[in-house]
Amino acid sequence: MFSLALIPITMGATYFVTCFLIPKYLVEKKYGKFILHALYSVVLAAYAIVFVMLAGYVYLTDLQIMEIPPLGWSLSYILLSVYLIVIVVAAFHLLKMNYESMEKFKDLQQKILETQLQVKEQELMYLKKQIHPHFLFNTLNTIYGFALNNSKETPELILKLSNLLDYILYQVTKPKVALYDEVEHIKEYISLEEVRFQDSLTVNFSCTPIAKRLEVAPMLLIPFVENAFKHGVLVKGMLSVDIDIKCDFDSFKFEIENNFLSEADDYNGAKGIGLDNFRKRLDLLYPDTYQLGIDAKGDKFCVSLSISHLNN
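Residues numbered from 1 in each chain as written. Predicted model: local features only at pLDDT ≥ 70, side-chain atom pairs only at ≥ 80, totals over all residues. Heavy atoms only, no water.

### Quick look at helix H6 (residues 222-231)
Then step 1. Counting buried positions along H6 yields 9 of 10 residues, so the element is predominantly enclosed.
Then step 2. Three or more residues of H6 are buried, namely Ile 222, Pro 223, Phe 224, Val 225, Glu 226, Asn 227, Ala 228, Phe 229 and His 231. (Buried < 20%, exposed > 50% of the residue type's maximum accessible area, 1.4 Å probe, protein only. Helix = DSSP H or I, 4+ residues; strand = E, 2+ residues; numbered from the N terminus.)

### Some remarks on the nonpolar core
Then step 1. Counting 46 residues, the largest nonpolar core has Leu 220, Val 225, Phe 229, Phe 252, Phe 254 and Ile 256 as its most contacted members.
Then step 2. Elements that contribute at least two residues to this core include exactly helix H3 (75-148), helix H4 (154-171), helix H5 (179-197), H6, strand S4 (239-247), strand S5 (252-259), helix H7 (273-285) and strand S7 (300-307).
Then step 3. The dominant element in this core, judged by the number of residues it contributes, is H5, at 8 residues.
Then step 4. Excluding residues within four positions of it along the chain, Phe 254 makes contact with Leu 221, Phe 224, Val 225, Ile 243, Asp 244, Ile 245, Val 303, Ser 304 and Leu 305.
Then step 5. Membership of the second largest hydrophobic core comes to 19 residues, among which are Tyr 25, Phe 34, Tyr 83 and Val 86. (Core = buried A, V, L, I, M, F, W, Y, C linked by side-chain atoms within 4.5 Å. Contact = heavy atoms within 4.5 Å.)

### Digging into the pattern of salt bridges
Then step 1. Following the criterion strictly, the structure yields 3 salt bridges and no others.
Then step 2. Among the salt bridges present, the one from Lys 246 reaches Asp 244, with a minimum N-O distance of 3.9 Å. (Salt bridge = Lys/Arg side-chain N within 4 Å of Asp/Glu carboxyl O.)

### Brief notes about the confidence of the model for the chain
Then step 1. On average, residues of the chain score 80 in pLDDT, and 84% of them reach the 70 mark or higher.
Then step 2. This stretch, residues 264-272, has a pLDDT under 50; its non-local contacts, to residues over four places away or in other chains, come to 15 contacts. (pLDDT = per-residue confidence, 0-100.)

### What about the pairing of strand S6 (residues 290-297)?
Then step 1. Sheet topology places S6 next to S7; 8 bridges connect them, and they run antiparallel. Bridged to Ile 294 within S7 is Val 303.
Then step 2. Joining the antiparallel neighbours S6 and S7 is a turn of 2 residues, in which Gly 298 adopts a positive phi near 65 degrees. (Pairing = 2+ DSSP bridges.)

### Looking at the sheet that holds strand S2 (residues 201-207)
Then step 1. Sheet architecture is open: 5 strands sit in the order S2-S4-S5-S7-S6, paired in mixed fashion. Strands at the two margins of the open sheet, each flanked by one partner only, are S2 and S6. Strand-to-strand, the axes of this sheet are offset by a mean angle of 5 degrees, without reference to chain direction.
Then step 2. Taken together, the 7 bridges between S2 and S4 define a ladder with parallel strand orientation. Note that in S4 the partner of Thr 202 across the bridge is Ser 240. (Axes fitted to C-alpha atoms, helices over the stretch in contact; angles between N-to-C directions.)

### Some words on unusual backbone geometry
Only a minority of non-glycine residues have a phi that is not negative, and only a minority of peptide bonds are not trans.
Then step 1. Positive phi outside glycine occurs at Lys 29, with the angle close to 60 degrees.
Then step 2. Tracing the sequence through the fold places Lys 29 in the loop between helix H1 (2-26) and helix H2 (31-60).
Then step 3. Taking the relative accessible area as the measure of exposure, Lys 29 reaches 62% and is therefore exposed.
Then step 4. Phi at Lys 236 takes a positive value of approximately 55 degrees, unusual for a residue other than glycine.
Then step 5. Taking the relative accessible area as the measure of exposure, Lys 236 reaches 83% and is therefore exposed.

### Examining the side chain of Glu 182
Then step 1. For Glu 182, the location among the structural elements is in helix H5.
Then step 2. Among the polar contacts listed, one links the side chain of Glu 182 to the backbone nitrogen of Leu 221, at a separation of 3.4 Å. (Polar contact = N/O pair within 3.5 Å; in protein donor to acceptor, adjacent residues only side chain to side chain.)

### Examining a nonpolar patch on the surface
Then step 1. Judged by side-chain polarity, Met 1, Leu 4, Ile 7, Met 11 and Tyr 15 come together as a nonpolar surface patch covering roughly 580 Å² of accessible area.
Then step 2. Positionally, Leu 4 belongs in helix H1.
Then step 3. Classification of Leu 4 as exposed rests on a relative accessible area of 55%. (Patch = residues over 30% accessible without salt bridge, like charges linked within 9 Å, V, L, I, M, F, W, Y side chains within 5 Å. Areas by Shrake-Rupley, 256 points an atom, 1.4 Å probe, with all protein chains shown as cover.)

### A few points about the pairing of S4
Then step 1. With 7 of its 9 residues buried, S4 lies for the most part within the structure.
Then step 2. Here S4 pairs with S5 via 7 bridges, running antiparallel. Across the sheet, residue Ile 243 finds its bridge partner in S5, namely Ile 256.
Then step 3. Counted between consecutive antiparallel strands, the loop separating S4 from S5 contains 4 residues.

### Looking at the environment of Gly 298
Then step 1. As for its position among the elements, Gly 298 is in the loop between S6 and S7.
Then step 2. Overall, Gly 298 belongs to the exposed group, its relative accessible area being 67%.
Then step 3. Measuring from C-alpha to C-alpha, the distance between Gly 298 and Phe 260 comes to 7.8 Å, with 38 residues separating the pair along the chain.

### Things to note about the packing of H5 against H6
Then step 1. Two elements in contact, H5 and H6, have axes separated by 10 Å at closest approach and are oriented at 15 degrees. When the axis of H5 is compared with that of H6, the two are roughly parallel. In this structure, H5 meets H6 at a crossing whose hand is right-handed. Touching Glu 182, His 185, Ile 186, Tyr 189, Ile 190, Glu 193, Arg 196 and Phe 197 of H5 are Ile 222, Val 225, Glu 226 and Phe 229, all from H6.
Then step 2. Of the residues assigned to the contact of H5 with H6, the class counts are 7 nonpolar, 1 polar and 4 charged. (Parallel < 35°, antiparallel > 145°, perpendicular 65-115°, else oblique. Left-handed = near helix turned anticlockwise from the far one by under 90°. Nonpolar A, V, L, I, M, F, W, Y, C, P; charged D, E, K, R; others polar.)

Below, the structure is given as structure tokens:
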């Protein structure tokens, strides 16, 4: 009976701590007010416990004080027992609040991540749409020039362009393509330029064996190759382009050089829409795993791109 009489006091103290003190003061980091109101609640609980002790003395023992167990007269023991329950419940309540907060935080992070991914996908699609017309415009100009001269090479150029369009239309929409296919695409483009330049072009192309598992973003390297032919300068009637691709287990390094005369061409391509968009693509696709170097060394314009952890 005495224990049952203490239950309302325990419940009141528990609800006061968990439903008022914790959310209003502890969670809001108002520690001074939390301690002050907690002391008030302890004092009120002590008064209530004293009242229950007196009522038990009067109504449960008929004023027979010797029948009361020794612990029944210990205010500190009873108060400690009550607040031990309060502390345990409050601890579980805090754990529950913390778990719910973590779940909400995870949901918020997931929503933010999904939004960022959607924005990145839209940015990538926009950048791709800028790159593709730029590439096609230059190629169609080449074919147009050959057609005006009634060149026999025009059908071959159209066939090679068809192969390039096939790659662009059916592969570039994928998030990743095999690095091997990307290199084959570069070879197709080089063969197209060789027809255009005829005997005024020298291309030194070297590539180590490429593992089938290596994948990259589509149209990743072609902007540099395109700019090498577009902005390269004929020196003694020859345009020289050197391309070197080295691959290992999960990374590759791409290097390209072309003739360059600073007094003849300030190489606006290095600052133009093609390479500017290319940098943005790299920042979106490989933010922490790529290294890009663009430099003019004497009569050579050099570009170096390294990307690691492709398997990730």
